[in-house]
Amino acid sequence: MVKKTRPKKVDIRKKRKKLIKLRQAKLEVHSKEKKGKESSLDIRLARQTKLYWTRAITGVLSGFIGRLLLGFIGWWLFLWMIIFLFLFPFFASFIIFKFKYDKEEWNWKKIIMPGLGIYFLLFMIVTTIIHTLLLL
């Protein structure tokens, strides 16, 4: 008869702790090497943060101007929202903040994406409140 051997028992928690320590050591060495330089990820995140908050302010202002000052209702207000939703980020990116266009790092998708939700939310809240107050 052949004796069956059991596989060696592995403690997953100990192995995970060991891997975490190795990862932290690698990150510390990597961060010491790049102490003075900003990584491309940091630059991209800073750009996206600026565009996000610009988009939030634009949502409030375009809703306020479109409904209260210009008096748009219905489809005209929708078109006003779409114009600012898609065209203003390019204006802000290249004219206000003067970001360089790079196909790999900073392309049109990364210009349009940050802040879509906050723009729509703030636009709708502001226009709904203003429209309600105007009807009262």
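These numbers come from a predicted model, not from an experiment.

1. Quick word on helix α3 (residues 75-96)
In an α-helix, one turn spans 3.6 residues; hence positions three or four apart end up facing the same way.
Line of reasoning, step 1. If you check α3, its first and last C-alpha atoms are 29 Å apart, about what 22 residues at 1.5 Å a residue would give, namely 32 Å.
Line of reasoning, step 2. Residue Leu87 marks the point of greatest curvature in α3, where the axis turns by about 35°; the proline Pro89 follows within four residues.
Line of reasoning, step 3. Every buried residue of α3 is listed here: Leu77, Trp80, Met81, Leu85, Phe88, Pro89, Ala92 and Ser93.
Line of reasoning, step 4. Tucked inside the fold, the buried residues of α3 contact α2 (40-69), α4 (108-112) and α5 (116-135).

2. Comments concerning the environment of Trp106
Line of reasoning, step 1. With respect to the helices and strands, Trp106 occurs in the loop between α3 and α4.
Line of reasoning, step 2. Along the sequence, Trp106 and Ser93 sit 13 residues apart, while their C-alpha atoms lie 10.0 Å from each other.
Line of reasoning, step 3. Leaving out residues up to four positions away in the same chain, Trp106 has contacts with Arg44, Arg47, Gln48, Leu51, Ser93, Phe99, Lys100, Tyr101 and Ile111.

3. Concerning α5
Line of reasoning, step 1. Relative to the 28 Å expected for 20 residues at 1.5 Å per residue, α5 spans 28 Å between its end C-alpha atoms, a close match to the ideal helical length.
Line of reasoning, step 2. For α5, the full list of buried residues reads Ile118, Tyr119, Phe123, Val126, Thr127 and Ile130. Down the axis of α5, the buried side of the element spans an arc of 140°, and every buried residue falls inside it. α5 presents Gly117 and Leu135 as exposed residues on the side facing more than 90 degrees away from its buried surface.
Line of reasoning, step 3. For α5, the elements touching its buried residues are α2 and α3.

4. Thoughts on the side chain of Thr127
Line of reasoning, step 1. Looking at the element boundaries, Thr127 is found in helix α5.
Line of reasoning, step 2. Dropping the residues within four chain positions of it, Thr127 is found in contact with Gly63, Arg67 and Leu77.

About the cut-offs
Residues numbered from 1 in each chain as written. Predicted model: local features only at pLDDT ≥ 70, side-chain atom pairs only at ≥ 80, totals over all residues. Heavy atoms only, no water. Helix = DSSP H or I, 4+ residues; strand = E, 2+ residues; numbered from the N terminus. Expected span 1.5 Å × (residues − 1). Bend = angle between axes of the 7 residues up to and from the residue. Buried < 20%, exposed > 50% of the residue type's maximum accessible area, 1.4 Å probe, protein only. Contact = heavy atoms within 4.5 Å. Arc of directions from axis to C-beta.

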